[in-house]
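What follows is the residue order along each chain.
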Amino acid sequence: SRGNDSREKRARHERSRFEPICTVHVTGLPPDTKERELRNLLIFLYGFEGCTLQQTPEQVYGFARFIDPRTAHTAITFLNGLVFDPSNLDTTVRATMAKRNLTLRREQIERQRHPYSDRFGMHGPFDGQQGGFGGMGYNDFPMNGGGMGWATT
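Given the structure is predicted, the values throughout are model-derived calculations rather than measurements. (Residues numbered from 1 in each chain as written. Predicted model: local features only at pLDDT ≥ 70, side-chain atom pairs only at ≥ 80, totals over all residues. Heavy atoms only, no water.)

Points about the sheet that holds strand 2 (residues 48-55)
Move 1: A sheet is described by the order of its strands in space; here 4 strands give the open sequence 2-3-1-4, paired in antiparallel fashion. With partners counted over all chains shown, the strands left at the sheet margins are strand 2 and strand 4 (94-97), one partner each. Here the average twist between neighbouring strands, direction ignored, is 20 degrees.
Move 2: Both strand 1 (residues 23-27) and strand 3 (residues 60-66) contribute to a ladder of 4 bridges, which runs antiparallel. If you follow histidine 25 over to strand 3, its bridge partner there is phenylalanine 63.
Move 3: Of the strands in this sheet, strand 1, strand 2 and strand 3 are in contact with helix 2 (residues 35-42), which crosses strand 2 at around 150 degrees. (Pairing = 2+ DSSP bridges. Helix = DSSP H or I, 4+ residues; strand = E, 2+ residues; numbered from the N terminus. Axes fitted to C-alpha atoms, helices over the stretch in contact; angles between N-to-C directions. Contact = heavy atoms within 4.5 Å.)

Put into structure tokens, the structure is as follows:
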């Protein structure tokens, strides 16, 4: 069984060498951030599969996996400069492409998905015509350059 595990690990590593990077590295999070808060921030972004949060004495950072590089880049555009905690306006989120993909098991992806994600068209293939909250297309969202703006006062 131990030899089997190492063979599986090597095979996974080989596959990952040729896999496009779909993972976003998220920094600039407040020190008291919980993984659940990061997941709740990302869960409505199209293509979100799952995330993890890491904490060191110096910083808190996370990784979020998306279905493809395009959705990961869209998430980066949305996240950069975002104020995560309204009580601390000096701290803004910074996001970049990770150096390698976050590995998620199928049960982790299923556990982190929003229960209504299939209804919203948030996961699965996307052709620009379907998905996204009532049939709105990719470009309808402000983070994708679309015209649906948020009311601010």
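After presenting the structure, the write-up continues.
A word on the nonpolar core
Move 1: With 20 residues, the main nonpolar core has Val24, Val26, Leu29, Leu42, Phe48, Phe66 and Leu79 as its most contacted residues.
Move 2: Listed by contribution, the elements that provide at least two residues to this core are strand 1, helix 2, strand 2, strand 3 and helix 3 (69-79).
Move 3: Among the elements that make up this core, the one with the highest residue count is helix 3 (4 residues). (Core = buried A, V, L, I, M, F, W, Y, C linked by side-chain atoms within 4.5 Å. Buried < 20%, exposed > 50% of the residue type's maximum accessible area, 1.4 Å probe, protein only.)

What about the side chain of asparagine 101?
Move 1: Its location among the elements puts asparagine 101 in the loop between strand 4 and helix 4 (106-112).
Move 2: For asparagine 101, a relative accessible area of 11% puts it in the buried group.
Move 3: Other than its neighbours up to four places away in sequence, asparagine 101 contacts Glu19, Pro20, Ile21, Cys22, Thr23 and Arg65.

Quick notes on the side chain of arginine 65
Move 1: Of note, arginine 65 is situated in strand 3.
Move 2: You can call arginine 65 buried: its relative accessible area is 14%.
Move 3: Side-chain polar atoms of arginine 65 contact the backbone oxygen of leucine 102, separated by 2.9 Å.
Move 4: Filtering out sequence-adjacent residues up to four positions away, arginine 65 remains in contact with Glu19, Cys22, Thr23, Gly47, Phe48, Glu49, Gly50, Asn101, Leu102 and Leu104. (Polar contact = N/O pair within 3.5 Å; in protein donor to acceptor, adjacent residues only side chain to side chain.)

Notes on the pairing of strand 2
Move 1: Within strand 2, 6 of the 8 residues are buried, which leaves the element mostly enclosed by the surrounding structure.
Move 2: Following strand 2, the chain reverses through 4 residues before pairing antiparallel with strand 3.

Focus on the packing of aromatic side chains
Two measures describe an aromatic ring pair: the distance that separates the ring centres and the angle between the ring planes.
Move 1: The tally for this structure, following the rule as stated, stands at 2 aromatic pairs.
Move 2: Aromatic side chains phenylalanine 48 and phenylalanine 66 sit 5.9 Å apart centroid to centroid with 65 degrees between the ring planes, which places their arrangement in the edge-to-face category. Of this pair, phenylalanine 48 sits in strand 2 while phenylalanine 66 sits in strand 3, placing them 18 residues apart in sequence. The same class applies to phenylalanine 48 as to phenylalanine 66, namely buried.
Move 3: Ring geometry for tyrosine 61 and phenylalanine 63: centres 5.8 Å apart, planes at 90 degrees, overall edge-to-face.
Move 4: With a relative accessible area of 19%, tyrosine 61 lands in the buried category. (Phe/Tyr/Trp six-rings, centres within 6.5 Å; stacked < 30°, edge-to-face > 60°.)

What about the pattern of salt bridges?
Move 1: Applying the stated criterion to the full structure yields 2 salt bridges.
Move 2: Of the charged contacts, one joins glutamate 19 and arginine 65 as a salt bridge, the two residues approaching to 3.1 Å between their closest N and O atoms. Here glutamate 19, found in the loop between helix 1 (2-17) and strand 1, pairs with arginine 65, found in strand 3; they are 46 residues apart in sequence, far enough to count as distant.
Move 3: Two residues, glutamate 49 and arginine 65, come together in a salt bridge whose shortest N-O distance is 3.6 Å. (Salt bridge = Lys/Arg side-chain N within 4 Å of Asp/Glu carboxyl O.)

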